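Structural description and commentary
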Amino acid sequence: MLTGYPLIGPDGPMRDGHLRNLPADTRVLFVQGDADEFLPGRGIAALRGVIAGMPCGAQVHVVRNGGHSVPKCTGLRQMGLTAEGVSKQVVGAVMAFVA
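Residues numbered from 1 in each chain as written. Predicted model: local features only at pLDDT ≥ 70, side-chain atom pairs only at ≥ 80, totals over all residues. Heavy atoms only, no water.

Re the packing of aromatic side chains
- Within this structure, the stated rule accounts for one aromatic pair.
- Ring geometry for Tyr5 against Phe30: centres 6.1 Å apart, planes inclined by 75°, an arrangement best described as edge-to-face. In this pair, Tyr5 sits in the loop between β1 (2–3) and β2 (29–33) while Phe30 sits in strand β2, placing the two residues 25 residues apart along the sequence. Considered together, Tyr5 and Phe30 belong to a single accessibility category, that of buried residues.
- One Lys or Arg, Arg27, reaches over the ring of Phe97 and ends 4.2 Å from the middle of that ring. (Phe/Tyr/Trp six-rings, centres within 6.5 Å; stacked < 30°, edge-to-face > 60°. Helix = DSSP H or I, 4+ residues; strand = E, 2+ residues; numbered from the N terminus. Buried < 20%, exposed > 50% of the residue type's maximum accessible area, 1.4 Å probe, protein only. Lys NZ or Arg CZ within 6 Å of the ring centre and 35° of its normal.)

Listed below in structure tokens is the structure:
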């Protein structure tokens, strides 16, 4: 499980090489905010592009308006959510993954 995975490091290079080398039988879950400042310009689409090149594939649980500190996100009221509700969604995704 990777939460808030930084696809780009502080210096700017992509951090995807080791993901592309995972064994095909590895199970992977990304819990990722779609506003994470450590995703390149294409955001979640960039992550999905990396996943497409992974031999094992992966599941993605997207936290709307979530930054790098998943499950923290902005605009909860506008989305009709609470911090507790977002946390429950994340826990539900993790529990489904490990079940």
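With respect to the pattern of salt bridges
- Under the definition given, this model contains two salt bridges.
- Across the salt bridge formed by Asp16 and Arg20, the nearest N and O atoms sit 2.9 Å from each other.
- Residues Glu84 and Lys88 are paired through a salt bridge, measuring 3.3 Å at the closest nitrogen-oxygen approach. Residue Glu84 and its partner Lys88 are located together in helix α3 (residues 83–98), separated by four residues, close to a single helical turn. (Salt bridge = Lys/Arg side-chain N within 4 Å of Asp/Glu carboxyl O.)

Some details on the pairing of strand β3 (residues 59–63)
- Strand direction decides the pairing type here: β2 and β3, joined by five bridges, are parallel. Bridge pairing in β3 places Phe30 opposite Val60.
- With helix α1 (residues 44–52) bridging β2 and its parallel neighbour β3, the resulting β-α-β unit is right-handed. (Pairing = 2+ DSSP bridges. Right-handed = clockwise from strand over helix to strand, strands pointing away.)

Quick notes on a nonpolar patch on the surface
- Nonpolar side chains collect at one region of the surface, where Met1, Val91, Met95 and Val98 lie side by side and expose about 410 Å² of accessible area between them.
- Turning to its location among the elements, Val91 is positioned in helix α3.
- The class of Val91 is partly exposed, set by a relative accessible area of 48%. (Patch = residues over 30% accessible without salt bridge, like charges linked within 9 Å, V, L, I, M, F, W, Y side chains within 5 Å. Areas by Shrake-Rupley, 256 points an atom, 1.4 Å probe, with all protein chains shown as cover.)

Some thoughts on the pairing of β2
- The buried fraction of β2 is high, at five of five residues.
- Side-chain alternation along β2 places Leu29, Val31 and Gly33 on one buried face and Phe30 and Gln32 on a second face that is also buried.
- Pairing of β1 with β2 involves two bridges; the strand directions are parallel. Considered in β2, the bridge of Leu2 is made with Phe30.

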